[in-house]
Each structure stands twice: as structure tokens, then as C-alpha cells.
Amino acid sequence: MIEQLRFWGIVVLLVFGLFFTFVSAVGVIRLPDIYARAHTASQTDTLGAGLALAAVALALGWDSMTIYAVLLLFFVFITNPTAAHAIARSAAESGIVPLTDETEVDVEPDPSTPDEGES
Amino acid sequence: MTADLLNDIFLVTAALFVVLAIMMFYRAVAGPTTQDRLLAVNVLGTNTVVILALLAAGLGEPWFLDIALIYALLNFLMAIAISKFTVERGGVL
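Because the structure is a prediction, the values reported are computed rather than measured.

Regarding the overall build of chain A
Part 1 of the argument: Per the secondary structure count, chain A includes 3 helices and 0 strands.
Part 2 of the argument: Listing every helix and strand of chain A by position from the N terminus yields α-α-α.
Part 3 of the argument: The proportion of buried residues among the 119 residues of chain A is 42%.
Part 4 of the argument: A fraction of 66% describes how many contacts in chain A between residues 6 or more apart in sequence connect residues 24 or more apart.
Part 5 of the argument: Only carbon and sulfur atoms are counted for the fraction: they give 67% of the accessible area of chain A, which is about 6900 Å².

Regarding the interface of chain B and chain A
Part 1 of the argument: Contact residues are listed per partner, giving 45 residues for chain B and 48 residues for chain A.
Part 2 of the argument: Both sides together, the interface formed by chain B and chain A hides about 4100 Å², and carbon and sulfur atoms give 80% of it.
Part 3 of the argument: Taken together, the connections running from chain B to chain A amount to 1 salt bridge.
Part 4 of the argument: For A:Arg37, the salt bridge identified is with B:Asp36, shortest N-O distance 2.4 Å.
Part 5 of the argument: On inspection of chain B and its partner chain A, the count reaches 4 residue pairs in polar contact (both at pLDDT 80 or more).

Remarks on the packing of helix α2 (residues 34-59) of chain B against helix α3 (residues 64-85) of chain B
Residue and element names in this part refer to chain B.
Part 1 of the argument: One way to put it is that α2 packs onto α3 with a least axis distance of 9 Å and a crossing angle of 175 degrees. Accordingly, the angle class assigned to the pair α2 and α3 is roughly antiparallel. Across the interface between the two elements, Leu 38, Val 41, Asn 42, Gly 45, Thr 46, Thr 48, Val 49, Leu 52, Ala 53, Leu 55, Ala 56 and Leu 59 of α2 pack against Phe 64, Leu 65, Ile 67, Ala 68, Tyr 71, Ala 72, Asn 75, Met 78, Ala 79, Ile 82 and Ser 83 of α3.
Part 2 of the argument: The residue makeup of the contact of α2 with α3, split by class, is 17 nonpolar, 6 polar and no charged.

A look at the UniProt feature "transmembrane region" (unreviewed entry) in chain A
Residue and element names in this part refer to chain A.
Part 1 of the argument: When the UniProt feature table is mapped to this numbering, "transmembrane region" (unreviewed entry) covers residues 7-29 and 49-78.
Part 2 of the argument: Within the segment residues 7-29, helix and strand shares are 100% and 0% respectively, and the terminal C-alpha atoms sit 33 Å apart.
Part 3 of the argument: Across residues 49-78, helical content stands at 87% and strand content at 0%; the span's end C-alpha atoms are separated by 12 Å.

Criteria and cut-off values
- Residues numbered from 1 in each chain as written.
- Chains lettered and ligands numbered in written order.
- Predicted model: local features only at pLDDT ≥ 70, side-chain atom pairs only at ≥ 80, totals over all residues.
- Heavy atoms only, no water.
- Helix = DSSP H or I, 4+ residues; strand = E, 2+ residues; numbered from the N terminus.
- Buried < 20%, exposed > 50% of the residue type's maximum accessible area, 1.4 Å probe, protein only.
- Contact = heavy atoms within 4.5 Å.
- Areas by Shrake-Rupley, 256 points an atom, 1.4 Å probe, with all protein chains shown as cover.
- Buried area = accessible area lost by both parts, 1.4 Å probe.
- Salt bridge = Lys/Arg side-chain N within 4 Å of Asp/Glu carboxyl O.
- Polar contact = N/O pair within 3.5 Å; in protein donor to acceptor, adjacent residues only side chain to side chain.
- Axes fitted to C-alpha atoms, helices over the stretch in contact; angles between N-to-C directions.
- Parallel < 35°, antiparallel > 145°, perpendicular 65-115°, else oblique.
- Nonpolar A, V, L, I, M, F, W, Y, C, P; charged D, E, K, R; others polar.
- UniProt positions renumbered as here; feature names shortened; annotations may be inferred.

Here is the structure:
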């Protein structure tokens, strides 16, 4: 009974972790500018990695290695939004204009022809 | 039987995470700014950490978690260092 519960707990955590990481991947590829991409990378990717690492910690059981998995979970939870914040702030300080309604359309880069010469 | 099934589930999930990590290469190659590429590499590194942890559980080799921990540390250091370096040449860096 308790083994069955643990099994389904692991499966549900893995499925949700995979789902949120998929949302993060789609967001990083499809969203229009760096700030929106930093937002999806900090939120959904942290949640997906956290859920998958929680599944690993649950699968390892009462082992000494579970401490590593839980430490890794907390580390990812703290450092991933910090890194995304640092990246977005460096984008702001190097003068990248956020894409709003007032922004001209040609500020948005065309994804079909990436031109590295102009930015 | 349940343990074998669980190991297979972990390995299949790791394979799907590899596919999601490869999707990040699009933004790392095509991203118009430096920060876009840095963000894509950062997300790819987080996915790598998760893949290493899933392999540690799926293959029954728990020392993979050591490598995952070191990779997470280096990934965070890389993101902070490059994003600091892109502003005013990083000051002291």
C-alpha cells in the first residue's frame, strides 16, 4: 500500500516536472523579448526542476544520498531565479528596450532571419 | 517488478528532458542578444542538473548527484559572471 502510494507520488511529480519544463522550453523559444524569456525561465524552469528533483529524493528513500538531492533542490530553488534576475538586469543596464505597446514593431527581432550585426 | 518499472520511468523521463534541453539550442544559436544566449545556456544547464539526478535514480548510481551538485554550482557561477561581464566590462572582472 505505502509502496503503491510512493510509486504514484513519484510518477505524478515526474509528470508535473516534465510539463513545467516543457512550458519553460516553449516560452524561451516563442516569447518575443529577453525580459519575457527571463520571466518564463525563472518561474517555470525552477518549478519543473524542483518537482523532478523532489521525485528523485522520494525515489531514493531514507538514504544518505537523499540529503544530496534535497540540497540540490534547495540550491536550484535559490540560484535559478537569482541567475535569471542577474541576466535580466544586465540586459536592462546594457540598454535593451522592453517590448511594449509603445515600442515600434521593428525593435522586435525577426526570428526567421537572425541578424547579429544590428542590435 | 515495481522497482524495475520505476527505473525505466526515470530513464524515459531523462530522455525527454534531453529532448527539451536540445530545444534550448535554438535560442542559444538564434538569440539576437548576448543575454538571450546566456539565458538559454542557463536553462540548458538546469536541465542537465535534472538529467544527472534522474540518471542517478534510474541507473542506481547515487554518486551522480555529486556531479549534479558541482554542475549546479558552476552553472550559477557562469550565469552571474557573464551577466556581470556584459555590463561595463564587469568592473573588476
